[in-house]
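Residues per chain, in single letters:
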There are 2 protein chains.
Amino acid sequence: MAEKKKTYLVLADKLIECYLGGNLKPGERLPSERELAVQFNVSRTTIREALRTLELNGLIDIRQGGGSYVKVSDIQSNKEEIITVVKAENPLVFEMLELRRALEAESSFLAANRATPADLEKLRIALHNMALSKQDPELGLKADLDFHIGIAEATHNSIFIELIHTLKGHMEETIRATQNHRFKDLSRYGDTINEHREIYLAIASGNGDKAKELMEGHITKIRAELVESMI
Amino acid sequence: MAEKKKTYLVLADKLIECYLGGNLKPGERLPSERELAVQFNVSRTTIREALRTLELNGLIDIRQGGGSYVKVSDIQSNKEEIITVVKAENPLVFEMLELRRALEAESSFLAANRATPADLEKLRIALHNMALSKQDPELGLKADLDFHIGIAEATHNSIFIELIHTLKGHMEETIRATQNHRFKDLSRYGDTINEHREIYLAIASGNGDKAKELMEGHITKIRAELVESMI
DNA sequence: TCGAGGAATTTGGTCAAACCAATGTTATAA
DNA sequence: TTATAACATTGGTTTGACCAAATTCCTCGA
């Protein structure tokens, strides 16, 4: 069904496409409201609503008498830098794992306070798939990843979400490395599933501190398994 | 510093205070734009900008011909959260702070287990400079930064070290934003110094769990100060 | 020639009145 | 009672005007 979009949002997108999508560098000025109104064939009022939208999203800076300027978002570029740092093909497996411990523990805490019913549903599905996957390593891998990513997404913090996706490759590697152990000793795989389930319950019940503690323990245990698998 | 706030943001706050601060339950309808314009003695245009702000922040739902309704909030949000959303100059500031909480808490934990005498010496110097800087904001800023960076370096985890340097700009911004409050109330600045000192002691004595807990509290407090400084 | 000061212009901020479009309400007729 | 048409309400958009801040540009004096 064709959703009817609000005009000011459509305009905001057009503005981004025309001016913020690379054609205008940070610090440069946009055309005046009156010019934009003519260009897009709408009233100044409507253009102003679109500009407000961009301002509230931190994309531009509006100054009375001055004009609208593309914001030099330290933070936006910071965000990209952070991703770059983490992305760097790092052979530093254990350092990465420490980063994951930091990120995922805090994610669990935040998720417990913010997860929507839809977020929780995703986590339940991942849990369920994992339980079904005792004989299927690939399904297990995917479900395991889905669970960890699902928690990050439940924080609704865009930086955490991007970072966890950046770390996906590393997580996959780690899981594969430890899978041999897990499948040799099925009870251990069961332990992992139980840990996930407990983390889920803590998040679903809104117990942030407990969720964080459990996730810390979980990743510490992964580290131990990784050490074993390398012996 | 008497910042001149944009009218529509001020109005958005008033609307929250009058209607979303508990007096109106989720699902209930706000007065019409025309009524609100009369009530706050501004034009309908201005009221509309304020309502847009609330809509963009997901607090209300505006339906043509229907009216504006308080949204059933996805995330469990207390009043402070709401204020935060509306006030945030850059929506990513608080996301960044959450990232810092994750990184610096884990850093403190790791530092407590790995800090060398040289690492500890650096932290002591930063602490000392901070104590000396009650009258010198710039020195205080640098000492504050040095302390946080020093902890990351004491982890000897290259990823953490790179990340904290990437976040330096953001940290500086946050410290500056909260400095006004700190210097208005010197006892509060003393609190900050004491928090740093306690974190140092926990690290120096090898108590990782305590160091982590203290750092978490410290950054949570920074967040609260940041919220205050924006009101 | 250069710089300071100030007037004129540009640009965003606010207001008012009108009309359109979608929704909600009420009255009417089957 | 129900379906429908007329009306009222409410948000959406346009226009034009004026205010306030910032910028631009010109003049004048050193």
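Residue positions are given per chain, counting from 1 as you read along its sequence in written order. Lettering for chains starts from A, numbering for ligands starts from 1, and both go in the order in which the items are written. Selection of residues for local features in this predicted model requires a pLDDT of at least 70, selection of side-chain atom pairs for listing and counting requires 80 or more, and totals for whole chains, interfaces and linings are taken over all residues. Side-chain measures were taken over the full set of non-hydrogen atoms in the model, leaving aside hydrogen atoms and water.

### Points about the packing of aromatic side chains
Working definition: rings of Phe, Tyr and Trp (its six-membered ring) pair if their centres are within 6.5 Å, and the pair is stacked with planes under 30 degrees apart, edge-to-face with planes over 60 apart, and tilted otherwise. Considering all chains together, one arrives at zero aromatic pairs over all chains under this definition. By definition here, charges over rings are those cases where NZ of Lys or CZ of Arg is within 6 Å of the ring centre and within 35 degrees of the ring normal. Geometry around B:Y69 places B:R63 over its ring, the cationic atom sitting 4.1 Å from the centre. Here the guanidinium or amino end of B:R101 rests over the ring plane of A:F109, the centre of that ring lying 4.9 Å away.

### Details of the protein's contact with DNA strand C
Residues are classed as near a molecule or strand on a simple rule: at least one heavy atom within 4 Å of it. The full set close to DNA strand C counts 25 residues, and A:E33, A:R44, A:R48, B:T7 and B:T46 are the nearest of them. Put simply, 64% of the atoms of DNA strand C that lie within 4 Å of the protein are in sugar or phosphate. For this analysis, a polar contact is any N or O atom pair within 3.5 Å, provided that within protein one partner can donate a hydrogen and the other can accept it, and provided that sequence-adjacent residues contribute only side-chain to side-chain pairs. One of the backbone nitrogen or oxygen atoms of A:G65 is found 3.2 Å away from a sugar or linking oxygen of DNA strand C. A distance of 3.0 Å separates a phosphate oxygen of DNA strand C from a polar backbone atom of B:S43. The numbering of helices and of strands both runs from the N terminus, where a helix is a DSSP run of H or I of at least 4 residues and a strand a run of E of at least 2. Counting residues per element, the ones that place at least two in the surface near DNA strand C are α2 (33-40), α3 (44-56), β1 (60-63) and β2 (67-70) of chain A together with α3 (44-56) of chain B.

### Considerations on the protein's contact with DNA strand D
In the neighbourhood of DNA strand D, 24 residues make up the surrounding shell, with A:T7, A:T46, B:E33, B:R44 and B:R48 lying closest. Sugar plus phosphate, as a fraction of atoms of DNA strand D within 4 Å of the protein: 61%. Side-chain polar atom of B:R29 to a phosphate oxygen of DNA strand D: 3.2 Å apart, as the coordinates give it. Note that a base nitrogen of DNA strand D is positioned 2.8 Å from one of the side-chain N or O atoms of B:R44. Looking at the surface near DNA strand D, its residues break down into two nonpolar, 12 polar and 10 charged. Gly falls in the polar group here, along with every residue not listed as nonpolar (Ala, Val, Leu, Ile, Met, Phe, Trp, Tyr, Cys, Pro) or charged (Asp, Glu, Lys, Arg).

### Side note on the packing of helix α1 (residues 7-20) of chain A against α2(A)
All names here are of chain A. Where helices are involved, their axes are fitted lines through C-alpha atoms of the stretch in contact, as for all axes, and angles between N-to-C directions lie from 0 to 180°. Here α1 crosses α2 at 100 degrees, and the two axes come no closer than 13 Å. For the element pair α1 / α2, the angle class is roughly perpendicular. Across the interface between the two elements, L11, K14, L15, C18 and Y19 from α1 touch L36, Q39 and F40 from α2. Each angle gets one of four labels, with under 35 degrees taken as roughly parallel, over 145 as roughly antiparallel, 65 to 115 as roughly perpendicular, and the rest as oblique. In this description, contact between two residues means that some pair of their heavy atoms is separated by no more than 4.5 Å.

### A word on the side chain of A:R52
Here A:R52 shows up in helix α3. Summary of the burial criterion: residues with accessible area below 20% of their type's maximum are buried, those above 50% are exposed, and those between are partly exposed, where the area comes from a 1.4 Å probe applied to protein chains only. A relative accessible area of 11% places A:R52 in the buried class. Ignoring any residue separated from it by four or fewer positions in sequence, one finds A:R52 in contact with A:I62, B:K6, B:Y8 and B:E49.

### Considerations on the packing of helix α1 (residues 7-20) of chain B against α3(B)
All names here are of chain B. Here α1 crosses α3 at 70 degrees, and the two axes come no closer than 8 Å. Considering the angle they form, α1 stands roughly perpendicular to α3. With respect to the hand of their crossing, α1 and α3 are arranged in right-handed fashion. Seen from α1, the contacting residues are T7, Y8, L9, L11, A12, L15, I16 and L20; seen from α3, they are T46, I47, E49, A50, L51, T53 and L54. Looking at the contact of α1 with α3 residue by residue, the classes come out as 11 nonpolar, three polar and one charged. Left-handed describes a crossing in which the near helix is turned anticlockwise from the far one by less than a right angle; the clockwise case is right-handed.

### Thoughts on the pattern of salt bridges
Salt bridges are defined as contacts in which a side-chain nitrogen from Lys or Arg sits within 4 Å of a carboxyl oxygen from Asp or Glu. For the structure shown, the criterion picks out 32 salt bridges over all chains. Note that A:K142 is salt-bridged to A:D146, the shortest N-O span being 2.7 Å. Of the two residues, A:K142 and A:D146 are both situated in helix α7 (residues 137-154); the distance of four residues between them amounts to about one turn of the helix. Of the residues examined, A:K142 reaches a relative accessible area of 48% and is grouped as partly exposed. Residue A:D146 is classed as partly exposed on the basis of its relative accessible area of 31%. Across the salt bridge formed by B:R124 and B:E121, the nearest N and O atoms sit 2.6 Å from each other. Of this pair, B:R124 and B:E121 both sit in helix α6 (residues 117-132), three residues apart, roughly one helical turn. According to the relative accessible area criterion, B:R124 is partly exposed, its value standing at 36%. Via salt bridges that share partners, A:E33, A:R44, A:R48, A:R52, A:E55 and B:E49 belong to a single interconnected network.

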